[in-house]
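As a plain string of letters, each chain reads:
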Amino acid sequence: MMKAVSVAAKGRFRGDPSYVYEHLESKVSEENRLAVVIHQIDEEASVVPRGAFIRDLRGLVQVNRSFAGLSPSEATRLSNFLHFRKPKNQKKRRILEMADLNPAIDFLDVVSDDVPKGSWSLQLEGAGQVCILRSLLWPGLTLYHVLMTPQHGYIYIGSGMKNLDLPFML
């Protein structure tokens with residue numbers, strides 16, 4: 001379905017779930033296109049603060065109940081934000097880097113390793129009490145994290161179109 005959507009559906013959404021995009025032999029409903037776009041956004045841009053989730057010895061991922069939030073100094077580094085998906089880019093790290101890692105919380109991909117570099121905008125708001133992380137690849141996706149608390153989340157309010165020009169803009 002993802003391949004059919006990428007071939008047949010272009011431009012903005014119509015707003016009609018029954019609308020059918022047609023391209024040669026491919027036909028895709030807007031409803032299916034929406035499902036594919038949501039899946040892509042979740043895979044490429046759903047982000048959590050480091051330590052918000054843990055992986056137990058059985059490999060199960062769960063909420064870290066002892067997560068007290070990132071400190072102001074931690075929140076200003078992209079390396080403390082992780083993609084909330086199955087790891088894809090677990091690059092080989094030097095032994096010195098691995099000494100600082102905790103396998104229970106460092107099992108996800110780090111946002112700072114994303115390609116292209118510079119695809120995330122990180123800011124502190126609310127007198128430095130709230131960290132805001134915005135995706136430049138998926139304009140409209142915003143993560144928030146209230147510092148020194150476990151509160152975090154993300155929301156997507158965008159056009160459903162990926163910014164494919166981003167590598168040329170950076």
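Analysis parameters
Residues numbered from 1 in each chain as written. Predicted model: local features only at pLDDT ≥ 70, side-chain atom pairs only at ≥ 80, totals over all residues. Heavy atoms only, no water. Phe/Tyr/Trp six-rings, centres within 6.5 Å; stacked < 30°, edge-to-face > 60°. Buried < 20%, exposed > 50% of the residue type's maximum accessible area, 1.4 Å probe, protein only. Helix = DSSP H or I, 4+ residues; strand = E, 2+ residues; numbered from the N terminus. Lys NZ or Arg CZ within 6 Å of the ring centre and 35° of its normal. Pairing = 2+ DSSP bridges. Axes fitted to C-alpha atoms, helices over the stretch in contact; angles between N-to-C directions. Core = buried A, V, L, I, M, F, W, Y, C linked by side-chain atoms within 4.5 Å. Polar contact = N/O pair within 3.5 Å; in protein donor to acceptor, adjacent residues only side chain to side chain. Contact = heavy atoms within 4.5 Å. Salt bridge = Lys/Arg side-chain N within 4 Å of Asp/Glu carboxyl O.

Considering all chains together, one arrives at three aromatic pairs under this definition. Seen from their ring centres, Tyr-19 and Tyr-21 are 5.0 Å apart, and the 80 degrees between their planes marks the pair as edge-to-face. For Tyr-19, a relative accessible area of 29% puts it in the partly exposed group. Aromatic side chains Trp-138 and Tyr-156 sit 6.5 Å apart centroid to centroid with 85 degrees between the ring planes, which places their arrangement in the edge-to-face category. Separated by 18 residues along the polypeptide, Trp-138 in the loop between strand S8 (130-135) and strand S9 (141-146) and Tyr-156 in strand S10 (residues 152-156) bring together distant segments of the chain. The class for Trp-138 is buried, based on a relative accessible area of 1%. With relative accessibility at 23%, the residue Tyr-156 sits in the partly exposed group. Here Arg-33 stacks its cationic end above the ring of Phe-13, 4.3 Å away from the centre of that ring.

Looking at chain direction, strand S1 (residues 20-23) and strand S2 (residues 26-29) are connected through four bridges and run antiparallel. Paired with His-23 across the two strands is Ser-26, which belongs to S2. Turn length for the S1-S2 hairpin, with the two strands adjacent in sequence and antiparallel, is two residues, and the turn residue Leu-24 shows positive phi of about 50 degrees.

A sheet is described by the order of its strands in space; here four strands give the open sequence S7-S8-S9-S10, paired in antiparallel fashion. Taken across any chain shown, the strands that pair with only one partner, and hence form the sheet edges, are strand S7 (120-125) and S10. Averaged over all adjacent pairs, the angle separating strand axes in this sheet is 20 degrees, with direction ignored.

This paragraph deals with the nonpolar core. Of all hydrophobic cores here, the largest spans 17 residues; its most connected members are Val-47, Phe-81, Trp-120, Leu-133, Trp-138 and Leu-141. When contributions to this core are tallied by element, the ones reaching two or more residues are helix H2 (30-45), S8 and S9. Grouped together as the second largest cluster of nonpolar side chains are eight residues, Phe-67, Leu-82, Phe-107 and Val-110 included.

Right, let's get into the side chain of Ser-119. Within the element layout of this structure, Ser-119 appears in the loop between helix H4 (95-99) and S7. For Ser-119, a relative accessible area of 4% translates into the label buried. Among the polar contacts listed, one links the side chain of Ser-119 to the backbone oxygen of Pro-116, at a separation of 3.2 Å. For Ser-119, the contacting residues outside a window of four places in its chain are Asp-114, Arg-134, Ser-135, Leu-136, Leu-137, Leu-166 and Leu-170.

On to the environment of Asn-89. By the secondary structure assignment, Asn-89 is in the loop between strand S6 (81-83) and H4. With relative accessibility at 43%, the residue Asn-89 sits in the partly exposed group. Residues Asn-89 and Phe-53, 36 residues apart in the sequence, show an inter-C-alpha distance of 18 Å.

With that settled, consider the pattern of salt bridges. One pass over the full model with this rule turns up five salt bridges. Among the ionic pairs, Arg-50 bridges to Asp-106, the shortest N-O distance being 2.6 Å. Of this pair, Arg-50 sits in the loop between strand S3 (47-49) and strand S4 (53-55) while Asp-106 is found in the loop between H4 and S7, placing the two residues 56 residues apart along the sequence. According to the relative accessible area criterion, Arg-50 is partly exposed, its value standing at 22%.

Purely spatial values, then, with no claim about function.
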